[in-house]
Amino acid sequence: MSFANSQRVLAIVGWSGCGKTTLIEKLLPELARLGLKVSVIKHTHHDVEFEPEGKDSTRFRAAGAEEVLLATPKRFVLQHEMPEPLPLSALLARMAPVDLVLVEGFKTAAIPKLEVRRTSHPALVDPYIIAIASDSPLQSSLPVLDLNQAAAIAAFICDLPC
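Description of the structure in this document. (Residues numbered from 1 in each chain as written. Predicted model: local features only at pLDDT ≥ 70, side-chain atom pairs only at ≥ 80, totals over all residues. Heavy atoms only, no water.)

### Re the overall build of the protein
Moving on, step 1. Helix and strand counts for the protein come out as four helices and nine strands.
Moving on, step 2. For the protein, the succession of helices and strands along the chain, N to C, is β-β-α-β-α-β-β-α-β-β-β-β-α.
Moving on, step 3. The dimensions of the protein, computed from C-alpha atoms along their principal axes, are 55 × 35 × 25 Å.
Moving on, step 4. By the burial criterion, 36% of the 162 residues in the protein qualify as buried.
Moving on, step 5. A sequence separation of at least 24 residues applies to 55% of the contacts in the protein between residues at least 6 apart.
Moving on, step 6. On the protein, roughly 10,000 Å² of surface is accessible, and the fraction owed to carbon and sulfur atoms is 55%.
Moving on, step 7. Placing the 16 positive and 18 negative side-chain charges of the protein at their respective mean positions leaves the two points 4 Å apart. (Helix = DSSP H or I, 4+ residues; strand = E, 2+ residues; numbered from the N terminus. Buried < 20%, exposed > 50% of the residue type's maximum accessible area, 1.4 Å probe, protein only. Contact = heavy atoms within 4.5 Å. Areas by Shrake-Rupley, 256 points an atom, 1.4 Å probe, with all protein chains shown as cover. Lys, Arg positive; Asp, Glu negative; His and termini not counted. Charge placed at Lys NZ, Arg CZ, Asp CG, Glu CD.)

Given below as structure tokens:
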């Protein structure tokens, strides 16, 4: 597993609708049970608004603020306007240190990847894929994990060399 700014990073990749988000959702409590602090980076091509039009943070951004931090009693969201997308390394540098960062998306990043594969989709071709999680038996030179066994996948992730 690779380190980015001293953090272990593993991408969960696959075709749209294959179950990447569901797998990450199931892995998080299993990895926590194994004692890991885990963060997630979710890549999307959609423009996301955290507050509706007309609310204060949206108005500040529209007025020209470079960054707006929206703070609530339980969480915060930092909105940073960018002329172009940041690379994954720059995003990782902005995150608090944890034991592992799971990344959904960033298919072209040169980081270790776990492919979520359904039989209805072709295999991804990527030299950084280190294992496959599937809900059906597959022939592969890579380790094939049962997609329905999140605890076993979490144990596999924990056993990866740093």
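### As for the nonpolar core
Nonpolar side chains in soluble globular proteins tend to end up buried together.
Moving on, step 1. Grouped together as the largest cluster of nonpolar side chains are 19 residues, with contacts concentrated most on I12, L23, L27, L31, L114 and I153.
Moving on, step 2. Those elements that provide at least two residues to this core are β2 (7-13), α1 (20-33), β6 (100-104), β7 (113-117), β8 (129-134) and α4 (150-159).
Moving on, step 3. Of the residues forming this core, the biggest block, four residues, is contributed by α1.
Moving on, step 4. Excluding residues that lie within four positions of it along the chain, L114 makes contacts with L10, A11, I12, V13, L23, A131, I132, A133, L145 and I153.
Moving on, step 5. Core analysis: the second largest hydrophobic core is formed by 14 residues, L88, V98, A109 and L124 among them. (Core = buried A, V, L, I, M, F, W, Y, C linked by side-chain atoms within 4.5 Å.)

### A short note on α1
Moving on, step 1. Compared with the 20 Å implied by 1.5 Å per residue over 14 residues, the 20 Å span of α1 between its first and last C-alpha is a close match.
Moving on, step 2. Buried residues of α1: K20, L23, I24, L27 and L31, and no others.
Moving on, step 3. Buried positions along α1 lie against β2, β3 (38-42), β6, β7, β8 and α4.
Moving on, step 4. Among the residues trailing α1, G35 stands out with phi positive, at a value near 95°. (Expected span 1.5 Å × (residues − 1).)

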